[in-house]
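The chain contents come next:
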Amino acid sequence: MKKRRTAEPYKIKAVEPLNMLSREEREQALKRAGYNTFLLDSEDVYIDLLTDSGTSAMSDQQWGALMVGDEAYAGSKSWYRLRDAVQEIYGYQYVLPTHQGRGAENLLSQLMIKEGDYIPGNMYFTTTRAHQELNGGTFVDVIIDEAHDSSAELDFKGDIDLTKLQKLIDDVGAERIPYVCLAVTVNMAGGQPVSMANMREVYELCQRYGISVFYDATRCVENAYFIKEREEGYQDQSIRNILKEMFSYSDGCTMSGKKDALVNIGGFLAMNDEELYIRSRELVVVYEGMPTYGGMAGRDMEAMAQGIYEAADDHFIEHRIHQVRYLGDQLIEAGIPVVRPIGGHAIFLDAKAFLPHIPQDQFPAQALAGALYLDSGVRGMERGIVSAGRNKETGENNKPKLEMVRLTIPRRVYTNNHMDVVADSVIELFEKRDQITGLQMEYEPPTLRFFNARFSPLVESKTLI
Ligand SMILES: *Cc1c(COP(=O)(O)O)cnc(C)c1O
């Protein structure tokens, strides 16, 4: 019997019409953007897969919540709703609202890290590492080796390698490690999850040495779904239960509400230790605001509280993960080189394998992202040599092993028909991939160059494809 199909667990109440430019107009737009998809105007994009950060669609309940937001400077009702939602779904005792995830990272890093400390983590994230380093810490990658291999098919490719963690403790001493930062899921590894067993083992190991464990909980609900799907004993458990158990193996978390809390802005820092909470309450007023609004408007706290409940719904998250996989599976079936297995929030096209005729210093991932936009108005993001920047000492281009185009799926925004359009375009590009040309850099900003760099096609008469 044919497998029964499923559909979005919501219906559409408001629509936002999309601009559909002609091929010629897209050529003009890409030229104006210097062949960098970051510099395209949103108006010129048909399907926007640049990021899943702050791009979620809110529900009718969340839009209603905006209206009842309490904008009191102190003791806002909306703050209590947010605090209750975090306590109920995440299980932490103390909560501080921040303007977004990095606001929480700033507070945690300042409170916990001393000059010369080491912070082990399962692969770095840009803002997380930046705050650790600003406070004199050194990030140490203790993720399992397979996470760096784009074709290793593992259920939990985000796990921490306990041997690496133990070795770091032996080498530098537990007193030099204020906490372990465990990301669930691992964004930079392709949205790969961490197993419950690994969380438990990391926590047990850390407890033996008096080291805290803080989660980067940004995509914790996606991680919970993978546990339900793949880990022995969790198939019949609710996402809420799984989340509760996950967080029980930690001392606190930083959270970007812009991903798994289904809002466009916001975040929080949460913890169980009262003494640490009192110190964070002192610091939040310096960087964010009063502890009962932090960096958020009352209406935004209200919408985030509602989003936290909605994200923990089993039907929501099942569809979310399946939609990403729906696109990924079509590409895999067509033989397109992608990072495997498909993770929680994005598809990563392997641009080196896609465009073997373009050497890495001609920016194959940037060229592929440009070609995809030209072909169908779909916007992805370069994650390769441009993003990797230059070596600080030698000035040479860093040459990352992975040269990728990230197609990130916003939550509840596009239908599976949109995914079909993306798949068709990528597959057609793959069929005529030898016609795609490389790029040269025309303008290179000194820092975080991927945001503002400008390019032009190497073959002058061509527009990439
Ligand atoms: C987005 C993100 C952050 C930072 O959150 P912001 O809300 O963008 O400040 C931290 N960690 C991970 C894994 C993220 O994806």
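Every chain is numbered independently, its residues counted from 1 as its sequence is written. Per-residue local features of the predicted model are confined to residues with pLDDT of at least 70, and side-chain atom pairs are confined, for both listing and counting, to 80 or more; whole-chain, interface and lining totals are unaffected and use all residues. Only hydrogens and water are set aside; all other atoms, that is, all heavy atoms of the structure, feed into the side-chain values.

The chain is annotated in an unreviewed UniProt entry as Tyrosine phenol-lyase of Aquisalibacillus elongatus. UniProt positions are given in the numbering used here, feature names are shortened, and annotations may be inferred rather than shown by experiment. Taken from UniProt, the Sequence similarities (unreviewed entry) comment for the chain reads in full: "Belongs to the beta-eliminating lyase family."

Visitor: So what's going on with the packing of aromatic side chains? Residues and values would help.
Guide: Any two rings among Phe, Tyr and Trp, with Trp reduced to its six-membered ring, count as a pair given centres within 6.5 Å; such a pair is stacked if its planes are under 30 degrees apart, edge-to-face if over 60, and tilted if neither. Applying the stated rule across the entire model yields 13 aromatic pairs. Arranged with centres 6.4 Å apart and planes meeting at 50°, the rings of W79 and Y80 form a pair that is tilted. Consider the rings of Y215 and F247, whose centres lie 5.9 Å apart with planes at 45°: the pair is tilted. Residue Y215 is found in strand β6 (residues 212-216), and its partner F247 is found in helix α9 (residues 239-248); the two are separated by 32 residues along the sequence. Each member of the pair, Y215 together with F247, is buried. Taken together through their ring pairs, the aromatic side chains of Y90, Y92, Y215, F247 and F268 make up a single cluster. In this text, helices come from DSSP runs of H or I with a minimum length of four residues, and strands from runs of E with a minimum of two, each type numbered from the N-terminal end. Three labels apply to residues, based on accessible area from a 1.4 Å probe with only protein chains included: buried if under 20% of the type maximum, exposed if over 50%, partly exposed otherwise in between.

Visitor: So, the nonpolar core: which residues are in play, and what are the values?
Guide: Side-chain atoms within 4.5 Å link the members of a nonpolar core, which is a set of buried Ala, Val, Leu, Ile, Met, Phe, Trp, Tyr and Cys residues. The biggest cluster of nonpolar side chains holds 63 residues, and the ones touching the most others in it are Y90, L243, M246, F268 and I308. Either an automatic procedure or a domain database provided the assignment from which the domain bounds are taken. Residue assignment places this core across two domains, with domain 1 (23-52 + 314-457) and domain 2 (61-311) each supplying three or more. Any two residues whose heavy atoms approach within 4.5 Å at even a single point are treated as in contact. Among residues more than four places away in sequence, those in contact with M246 are V184, M196, M199, Y215, C220, N223, A224 and I227. Formed by 54 residues, the second largest nonpolar core is a distinct cluster that contains A29, F363, F450 and A453.

Visitor: Mind laying out the pairing of strand β3 (residues 118-121), listing which residues take part and the relevant values?
Guide: Summarising the sheet, β3 and strand β4 (residues 138-141) pair through four bridges and their orientation is parallel. Each residue of the ladder has a partner; that of Y118, found in β4, is T138. The β-α-β motif built from β3, the intervening helix α5 (residues 126-134) and the parallel element β4 has right-handed crossover chirality. Pairing between two strands is assigned when DSSP locates at least 2 bridges connecting them. If you view a crossover with the strands going away from you and the path from the first strand over the helix to the second runs clockwise, you call it right-handed.

Visitor: Got a sec to walk through the layout of surface pockets? Specific residues and values, please.
Guide: To find leftover empty space, a probe the size of one water molecule is rolled over the atoms. Of the voids in this model, the second largest pocket is the one considered here, and its volume is about 1400 Å³. In this structure, the second largest pocket is lined by 36 residues; those nearest its centre are A14, A57, M58, R412 and V413. When contributions to the lining of the second largest pocket are tallied by element, the ones reaching two or more residues are α2 (60-68) and α12 (314-333). Using protein atoms alone on a 1 Å grid, points that fit a 1.4 Å probe yet trap it form a cavity, whereas open point sets bounded by protein on both sides within 12 Å along at least five of seven lines form a pocket; residues with an atom within 4 Å of a point count as lining. Grid points are joined across faces, edges and corners, and a volume is the space filled by probe spheres set on the points.

Visitor: Describe the sheet that holds strand β9 (residues 346-350), and please don't skip the residues or the numbers.
Guide: Strand order in the open sheet made by the three strands is β9-β12-β11, with antiparallel pairing throughout. Because the sheet does not close on itself, it has two edges, and the strands there are β9 and β11 (381-383). With strand direction ignored, the average angle separating the axes of adjacent strands in the sheet is 30°. Every angle, taken between N-to-C directions, lies between 0 and 180 degrees, and every axis is a line fitted to C-alpha atoms, over only the stretch in contact when it is a helix. Its contacts with the sheet place helix α14 (residues 364-376) against β9, β11 and β12 (404-408), and it is angled at close to 45° to β12.

Visitor: Describe the UniProt feature "domain: Aromatic amino acid beta-eliminating lyase/threonine aldolase" (unreviewed entry) in the chain, naming the residues involved and giving the relevant values.
Guide: Per the UniProt annotation, the sites labelled "domain: Aromatic amino acid beta-eliminating lyase/threonine aldolase" (unreviewed entry) are residues 48-424. With 44% helix and 13% strand, residues 48-424 has its two end C-alpha atoms placed 16 Å apart.

Visitor: Describe the domain arrangement of the chain, with residues and values.
Guide: Along its sequence, the chain is carved into domain 1 (23-52 + 314-457) and domain 2 (61-311). Measuring from the centre of the C-alpha atoms in domain 1 to the corresponding centre in domain 2 gives 28 Å. With 24 residues of domain 1 in contact, the opposing surface of domain 2 contributes 30 residues. Two parts placed together each lose some accessible area under a 1.4 Å probe, and the buried area is that loss summed for both. Between domain 1 and domain 2 the total buried area reaches about 2200 Å² when both faces are included, carbon and sulfur atoms providing 50% of it. Per-residue buried area on domain 1 facing domain 2 is highest for I317, P341 and R411; these three make up 23% of the total on that side.

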